[in-house]
Amino acid sequence: MGSNSSRIGDLPKNEYLKKLSGTESVSENDPFWNQLLSFSFPAPTSSTELKLLEEATISVCRSLVENNPRTGNLGALIKVFLSRTKELKLSAECQNHIFIWQTHNALFIICCLLKVFICEMSEEELQLHFTYEEKSPGSYSSDSEDLLEELLCCLMQLITDIPLLDITYEISVEAVSTMMVFLSCQLFHKEVLRQSISHKYLMRGRCLPYTSKLVKTLLYNFIRQEKPPPPGAHVLPQQSDGGGLLYGLASGVATGLWTVFTLGGVGSKVATASELSSPLANQSLLLLLVLANLTDAADAPNPYRQAIMSFKNTQDSSPFPSSIPHAFQINFNSLYMALCEQQTSDQATLLLYTLLHQNSNIRTYMLARTDMENLVLPILEILYHVEERNSHHVYMALIILLILTEDDGFNRSIHEVMLKNITWYSERVLTEISLGSLLILVVIRTIQYNMTRTRDKYLHTNCLAALANMSAQFRSLHQYAAQRIVSLFSLLSKKHNKVLEQATQSLRGSLSSNDVPLPDYAQDLNVIEEVIRMMLEIINSCLTNSLHHNPNLVYALLYKRDLFEQFRTHPSFQDIMQNIDLVITFFSSRLLQAGAELSVERVLEIIKQGVVALPKDRLKKFPELKFKYVEEEQPEEFFIPYVWSLVYNSAVGLYWNPQDIQLFTMDSD
């Protein structure tokens, strides 16, 4: 690639771009199109490069916005592209490099133009631009075929039907990106769009039959993680000097369009390894998430969400119910493996959440796997590095754990999976620990981080709900996990005492001064007492259901028995303290009988013997702790901005000026 990037500044003056955007109409049969489309430069691979390209070509795009009502050149360019795509599959089979290369260039220009059009006008105005023709200034044909719908259908066909080869990789990526650009009008609205022209096209009419095939293809693109071909290998060999190469065609080619053209050199978002290794997988996943989170139409549900909710395993031979539209089958094992490997990205975690929450087939399959550690460990690592993750990614990881812990089989099996040398867990060397104990450690660490930093009640609630769901099946807790359960209770106890003292002092102060507004310590106290009660219920659930499996927890309770003294007579905790107090009293008595100066091993031995001697009917039964994840009302208010923030922040594929974004607040580069 050439080192001189100054040529990018010449793009607004380029004669072919000026003709496209100028006042003269160009027929779709004009040789000009071959000349326009015969450029080559290293394809932009990051938002940085696309930013430079957009800044250089924005004047050309705006000129076309102004002149297109009179020239219809946008429509002519699209018709040229559509006519070429009809031969694209055959060209791929025949290895017609030049034809595919020119078709890709046409789509690349269309995508760049559409992005500016969508940013600068309403959907209604955009739709009108697709109807302008060259026959007379400002006129359009209302009875002509809908060019916008035809282009969207063509993109869906291109994504689903064109075989993925080295020579078709870039045009496949471009087709996915262009579909996202079509839907990007959401970025320029503060409110979630519930009635959109682009949504209408995708949810009915000619596009609707492609729904299941598109969702399946996007999923397989994610699964396969196909790497792009080496630069230049998919077209023709590049010149030895590394500059962009123009190819001589019989019709004659442009000699000054985007040649010896390099991009880069300014700061940008940092691309993750997965984004760089497979742009097609990254863009496909983002488009899939955008489609899955489109709002339902007034008269029909989102068909892409229906497809995601209902697809089955290729090994499932049972027929689909006739009531399920857009159904298809996919290899669950391949999907599971890809999800396990890709959890470092927000979008892969969001896909996992979407599938677990909405598709009962995939949830049942995952819960039946005997290698769940491959999925759970990456999720735990996200939570462990909470300081480095955005809050949405942490929430998704936590909700995934909550959904998994709704299943008793999962809660039992995680204590049977033994792990060795968890290198990313740095607080303590864990040479051997069960997956269940590690999960408890990470969730407790997340609670403690939240208590000292973010203080988010929603995060607290979901962490405690996951622990509560598991508590009846706690088995052979690691001594460190048992210690951390009691340590968390100790931290909550200290917090409770501190707030109680502040409330008392505040009350005294209010008697001497009526002018100073007082903090609402009563509310703080209620929140802490709710959390303390939940922790006591978790401990109680374990003791009631699996006391004989958890000598390390009994040991930790005995070691810190003084912590629980103040809660024995507290009216909010008296009932739930009965069993805990009984266990502490029973085992304390047995230790006293055994004498002083007991070793840890001897104490554990006495506890194991005592478990057999403790009558089970002395422990009061409480209702089973079970919490189920329920999506909040109007989830689109959370998920749509979240998905589009992932699209915006992806360092591969598309760039938008942060100053134009309305859907969420975003710092400019």
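Not measured: the values here are computed from a predicted model.

Parameters at a glance
Residues numbered from 1 in each chain as written. Predicted model: local features only at pLDDT ≥ 70, side-chain atom pairs only at ≥ 80, totals over all residues. Heavy atoms only, no water. Helix = DSSP H or I, 4+ residues; strand = E, 2+ residues; numbered from the N terminus. Buried < 20%, exposed > 50% of the residue type's maximum accessible area, 1.4 Å probe, protein only. Contact = heavy atoms within 4.5 Å. Areas by Shrake-Rupley, 256 points an atom, 1.4 Å probe, with all protein chains shown as cover. Salt bridge = Lys/Arg side-chain N within 4 Å of Asp/Glu carboxyl O. Core = buried A, V, L, I, M, F, W, Y, C linked by side-chain atoms within 4.5 Å. Axes fitted to C-alpha atoms, helices over the stretch in contact; angles between N-to-C directions. Parallel < 35°, antiparallel > 145°, perpendicular 65-115°, else oblique. Left-handed = near helix turned anticlockwise from the far one by under 90°. Nonpolar A, V, L, I, M, F, W, Y, C, P; charged D, E, K, R; others polar.

**A few points about the overall build of the protein chain**
Move 1: Counting secondary structure elements, the protein chain contains 28 helices and four strands.
Move 2: The buried share of the protein chain, reckoned over its 669 residues, is 56%.
Move 3: Across the protein chain, contacts joining residues at least 24 apart in sequence account for 75% of those joining residues at least 6 apart.
Move 4: Only carbon and sulfur atoms are counted for the fraction: they give 50% of the accessible area of the protein chain, which is about 29,300 Å².

**Description of the pattern of salt bridges**
Move 1: Within the structure shown, the criterion is met by 17 salt bridges.
Move 2: The shortest N-O distance in the salt bridge between Lys 115 and Glu 54 comes to 2.3 Å. Of the two residues, Lys 115 is situated in helix α6 (residues 97-120) and Glu 54 in helix α3 (residues 47-71); the sequence distance between them amounts to 61 residues.
Move 3: Where Asp 408 meets Lys 626, a salt bridge forms, and the shortest distance between an N and an O atom there is 2.8 Å. In this pair, Asp 408 is assigned in helix α20 (residues 408-413) and Lys 626 in the loop between α27 (600-613) and α28 (636-649), connecting sequence segments 218 residues apart.
Move 4: Here the salt bridges do not stand alone but share partners, grouping Arg 194, Glu 636 and Glu 637 into one network.

**Quick notes on the nonpolar core**
Move 1: Grouped together as the largest cluster of nonpolar side chains are 227 residues, with contacts concentrated most on Leu 151, Tyr 425, Leu 438, Phe 564 and Trp 644.
Move 2: Counting residues per element, this core draws most heavily on α6, which supplies 13 residues.
Move 3: Once residues lying within four places of it in the same chain are set aside, the contact partners of Leu 438 are Leu 377, Leu 380, Leu 419, Ile 422, Trp 424, Tyr 425, Leu 430 and Ile 433.

**Concerning the packing of helix α24 (residues 521-546) against helix α26 (residues 574-594)**
Move 1: Closest axis-to-axis distance for the α24/α26 pair is 9 Å, and the angle between their directions is 50 degrees. One finds that α24 runs oblique with respect to α26. Here α24 runs over α26; the crossing is left-handed. Of α26, the residues touching α24 (which contributes Arg 533, Leu 536, Glu 537, Ile 539, Asn 540, Leu 543 and Thr 544) are Asp 575, Ile 576, Met 577, Asn 579, Ile 580 and Val 583.
Move 2: Residue composition of the contact of α24 with α26, by class: seven nonpolar, three polar and three charged.

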